[in-house]
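Chain by chain, the residues:
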Amino acid sequence: DGGITQSPKYLFRKEGQNVTLSCEQNLNHDAMYWYRQDPGQGLRLIYYSQIVNDFQKGDIAEGYSVSREKKESFPLTVTSAQKNPTAFYLCASSNKGRGNQPQHFGDGTRLSIL
Amino acid sequence: DQQVKQNSPSLSVQEGRISILNCDYTNSMFDYFLWYKKYPAEGPTFLISISSIKDKNEDGRFTVFLNKSAKHLSLHIVPSQPGDSAVYFCAASGFTSGTYKYIFGTGTRLKVLA
């Protein structure tokens, strides 16, 4: 069954620690995205990638890093430079093309500070 | 500055009646508008979309209306069912920096009462 898988579901970060959130898709989608959701706010774009070995910053990329070494995988690292990392993180994928391509989302990772 | 706004954080409707969820936007350059539904502890799932050149799109119980002059769109669910209880996000897409990007609203929590 095709889909997009995020792990872990819950993650805790200590001060000064980098943590990596996993995102894998088997939908054969070219485009992948990372969003952050805070209470009372919409989804805000962190990074996106349209093709393997290429990615661009979204609206709130500071303190985050990504890689796209394989079409199926788009991991997000929350670095110690991100001073307010507590949030719900969503990964999505879609076909490339016009802006009506629906995004398929994973079930999210909730990151908290210890 | 929020380009896509959902001003009603919550809405309650009786089962069998119509649910109307509203969304306003500020950027007249958006090409497509999409609605997503989100259940607790799950990622959003795509519901329906509409092109900016149309004023209505229908899919079963779900209809989206677009009023470009008012920069307003709405999602109608008829008849509403208890399983429709979820958070609904509207999103707008526009072509920028060589790709389509999506701007999400803050969501409206719909509760359908049995």
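Since the structure is predicted, the reported quantities are computational estimates derived from the model, not experimental observations. (Residues numbered from 1 in each chain as written. Chains lettered and ligands numbered in written order. Predicted model: local features only at pLDDT ≥ 70, side-chain atom pairs only at ≥ 80, totals over all residues. Heavy atoms only, no water.)

Caption draft 1: A look at the overall build of chain A. Looking only at helices and strands, one finds zero helices and 11 strands in chain A. Along chain A, helices (α) and strands (β) appear in the sequence β-β-β-β-β-β-β-β-β-β-β when read from the amino end. Expressed as lengths along the three principal axes of its C-alpha atoms, the size of chain A is roughly 40 × 25 × 25 Å. Expressed as a percentage of its 114 residues, the buried residues of chain A come to 47%. Excluding contacts between residues fewer than 6 apart, the proportion of contacts in chain A whose partners are at least 24 apart in sequence is 53%. About 5,500 Å² of surface is accessible on chain A, with carbon and sulfur atoms providing 45% of the total. Between the mean site of the 13 positive side-chain charges and the mean site of the 11 negative ones, chain A shows a separation of 3 Å. (Helix = DSSP H or I, 4+ residues; strand = E, 2+ residues; numbered from the N terminus. Buried < 20%, exposed > 50% of the residue type's maximum accessible area, 1.4 Å probe, protein only. Contact = heavy atoms within 4.5 Å. Areas by Shrake-Rupley, 256 points an atom, 1.4 Å probe, with all protein chains shown as cover. Lys, Arg positive; Asp, Glu negative; His and termini not counted. Charge placed at Lys NZ, Arg CZ, Asp CG, Glu CD.)

Caption draft 2: Structural detail: the nonpolar core. Phe33(B), Trp35(B), Leu73(B), Leu75(B) and Tyr88(B) are the most contacted members of the largest nonpolar core, which totals 23 residues. The set of elements that each furnish at least two residues to this core consists of strand E3 (19-25), strand E4 (32-38), strand E5 (45-51), strand E7 (62-67), strand E8 (72-77), strand E9 (86-96) and strand E11 (108-113) of chain B. When residues in this core are grouped by element, the largest group, four residues, is from E9(B). Listed in part, the 19 residues of the second largest apolar core include Trp34(A), Ala87(A), Tyr89(A) and Leu111(A). (Core = buried A, V, L, I, M, F, W, Y, C linked by side-chain atoms within 4.5 Å.)

Caption draft 3: Here's a closer look at the sheet that holds strand E7 (residues 64-66) of chain A. All names here are of chain A. Read from one edge to the other, the open sheet built from four strands follows the order E1-E3-E8-E7, with strand pairing classed as antiparallel. Of all the strands in the sheet, just strand E1 (4-7) and E7 have a single pairing partner and so form its edges. Pairwise comparison of adjacent strand axes, ignoring direction, gives a mean angle of 20° for this sheet. With three bridges joining them, strand E3 (residues 19-25) and strand E8 (residues 76-78) adopt antiparallel strand pairing. Directly across from Thr20, in E8, lies its bridge partner Thr77. (Pairing = 2+ DSSP bridges. Axes fitted to C-alpha atoms, helices over the stretch in contact; angles between N-to-C directions.)

Caption draft 4: How the structure looks around the side chain of Lys101(B). One can find Lys101(B) in strand E10 (residues 99-104). Of the buried charged residues, Lys101(B) lacks a salt bridge, with Asp59(A) as the closest side chain of opposite charge at 5.1 Å. Apart from residues lying up to four places away in sequence, Lys101(B) is in contact with Leu45(A), Tyr48(A), Lys57(A), Ala92(B), Ser93(B), Gly94(B) and Thr96(B). (Salt bridge = Lys/Arg side-chain N within 4 Å of Asp/Glu carboxyl O.)

Caption draft 5: Layout of the pairing of strand E2 (residues 10-13) of chain A. All names here are of chain A. Of the two faces of E2, only one is covered, namely that formed by Leu11 and Arg13; the face formed by Tyr10 and Phe12 stays uncovered. Pairing of E2 with strand E11 (residues 109-113) involves four bridges; the strand directions are parallel. Its bridge partner being in E11, Tyr10 is matched across the sheet by Arg110.

Caption draft 6: Local environment of a nonpolar patch on the surface. Residues and elements named next belong to chain A. Nonpolar side chains collect at one region of the surface, where Tyr10, Phe12 and Leu114 lie side by side and expose about 380 Å² of accessible area between them. Within the secondary structure, Tyr10 is located in strand E2. Assessed through its relative accessible area of 52%, Tyr10 is described here as exposed. (Patch = residues over 30% accessible without salt bridge, like charges linked within 9 Å, V, L, I, M, F, W, Y side chains within 5 Å.)

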